[in-house]
Amino acid sequence: MRSVKRFFPGYRLRRGTPEDGDALLRVHQRAILTLGRRIYSDAQLESWASGNTSERYGAAMLEDQEIFEVAVNRKAGIVAFCSRKDHEVRGLYVDPDWARLGIGRLLLQRAEAAIRSTGHHRVSIGASLVGLPFYESQGYRVLRHRHWKTRGGLFIPAAEMEKQLRRATESSAGD
């Protein structure tokens with residue numbers, strides 16, 4: 001069994017599994033419906049959160065080869081997750097009760113390192129307007145603004161973003 005690292009404030013990181021579907025859905029929906037209220041209307045949020053199922057996460061892992069990393073608290077269970085495939089971060093969600101503790105930043109940094117280790121030199125993400133300031137603070141730039149069609153059928157404003165990754169020789173030479 002792989003070792004699991006522990007981090008403050010009381011969570012550990014591990015690889016997500018298809019059995020995590022219910023918990024991933026809970027975090028995903030809570031993040032959308034709570035944190036999204038600053039930007040989007042109730043109708044947009046309901047449309048964004050609708051149509052998702054716990055089985056979708058397992059299918060993404062097994063059929064689409066999407067890799068999930070989760071942050072787990074002993075009492076609360078899964079409190080955040082980040083998913084990736086190839087050079088793309090496909091999702092990064094933190095339960096609102098665990099937001100602003102550095103979990104999202106840590107998960108994103110780990111995803112970037114994994115993407116870099118597979119030979120990619122850039123990371124792409126489709127970001128909601130809620131996540132835009134966070135990603136910009138992490139070095140991402142907006143390629144273009146667009147409207148994303150939610151599973152419920154409504155369109156919400158979003159952005160395509162990208163970050164160039166420094167090669168290992170660049171980071172060691174410049175540090």
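Note that the coordinates shown come from a computational prediction; the quantities given were computed from them, not determined experimentally.

1. Overview of the packing of helix α1 (residues 21-35) against helix α3 (residues 54-62)
Two numbers describe a pair of packed helices, the interaxial angle and the distance between the axes.
Turning to step 1, where the next piece is worked out: The interhelical angle for the contact between α1 and α3, taken along N-to-C directions, is 110°, at an axis separation of 7 Å. Classed by the angle they form, the pair α1 and α3 counts as roughly perpendicular. Where α1 crosses over α3, the two elements pack in a sense that is right-handed. Touching Gly 21, Asp 22, Leu 24, Leu 25 and His 28 of α1 are Ser 54, Tyr 57 and Met 61, all from α3.

2. Remarks on helix α4 (residues 103-117)
Turning to step 1, where the next piece is worked out: Counted at 1.5 Å a residue, the expected span for α4 with its 15 residues is 21 Å, and the 21 Å between its end C-alpha atoms agrees.
Turning to step 2, where the next piece is worked out: Of all the residues in α4, the buried ones are Ile 103, Gly 104, Leu 106, Leu 107, Leu 108, Ala 111, Glu 112, Ala 114 and Ile 115.
Turning to step 3, where the next piece is worked out: One or two steps after α4, the chain reaches Gly 119, where phi turns positive at roughly 95°.

3. Considerations on the side chain of Glu 69
Turning to step 1, where the next piece is worked out: As for its position among the elements, Glu 69 is in strand β3 (residues 67-73).
Turning to step 2, where the next piece is worked out: Note on Glu 69: relative accessible area 16%, which makes it buried.
Turning to step 3, where the next piece is worked out: Every residue in contact with Glu 69, bar those within four places of it in the chain, is listed here: Leu 13, Arg 14, Arg 15, Gly 16, Ala 80, Phe 81, Cys 82, Leu 107 and Arg 110.

4. Brief notes about the pattern of salt bridges
Turning to step 1, where the next piece is worked out: Inspection of every chain in the model, using the stated rule, returns 15 salt bridges.
Turning to step 2, where the next piece is worked out: The residue Arg 110 makes a salt bridge to Glu 69 at a minimum N-O spacing of 2.7 Å. One end of the pair, Arg 110, is in helix α4; the other, Glu 69, is in strand β3, with 41 residues separating them in the sequence.
Turning to step 3, where the next piece is worked out: Residue Glu 88 is joined to Arg 90 by a salt bridge in which the shortest nitrogen-to-oxygen separation is 3.4 Å.
Turning to step 4, where the next piece is worked out: Given a relative accessible area of 30%, Glu 88 falls into the partly exposed group.
Turning to step 5, where the next piece is worked out: One network of salt bridges, with partners in common, ties together Asp 64, Glu 66, Lys 85, Glu 88 and Arg 90.

5. Let's talk about the packing of α1 against helix α2 (residues 42-49)
Turning to step 1, where the next piece is worked out: In contact at an axis separation of 9 Å, α1 and α2 are set at 170° when each is read in the N-to-C sense. When the axis of α1 is compared with that of α2, the two are roughly antiparallel. Each of Gln 29, Ile 32 and Leu 33 in α1 lies in contact with α2, whose residues at this interface are Leu 45, Glu 46, Trp 48 and Ala 49.
Turning to step 2, where the next piece is worked out: A breakdown of the residues in the contact of α1 with α2 according to their chemical character gives five nonpolar, one polar and one charged.

Each value, and the rule that gives it
- Residues numbered from 1 in each chain as written.
- Predicted model: local features only at pLDDT ≥ 70, side-chain atom pairs only at ≥ 80, totals over all residues.
- Heavy atoms only, no water.
- Axes fitted to C-alpha atoms, helices over the stretch in contact; angles between N-to-C directions.
- Helix = DSSP H or I, 4+ residues; strand = E, 2+ residues; numbered from the N terminus.
- Parallel < 35°, antiparallel > 145°, perpendicular 65-115°, else oblique.
- Left-handed = near helix turned anticlockwise from the far one by under 90°.
- Contact = heavy atoms within 4.5 Å.
- Expected span 1.5 Å × (residues − 1).
- Buried < 20%, exposed > 50% of the residue type's maximum accessible area, 1.4 Å probe, protein only.
- Salt bridge = Lys/Arg side-chain N within 4 Å of Asp/Glu carboxyl O.
- Nonpolar A, V, L, I, M, F, W, Y, C, P; charged D, E, K, R; others polar.

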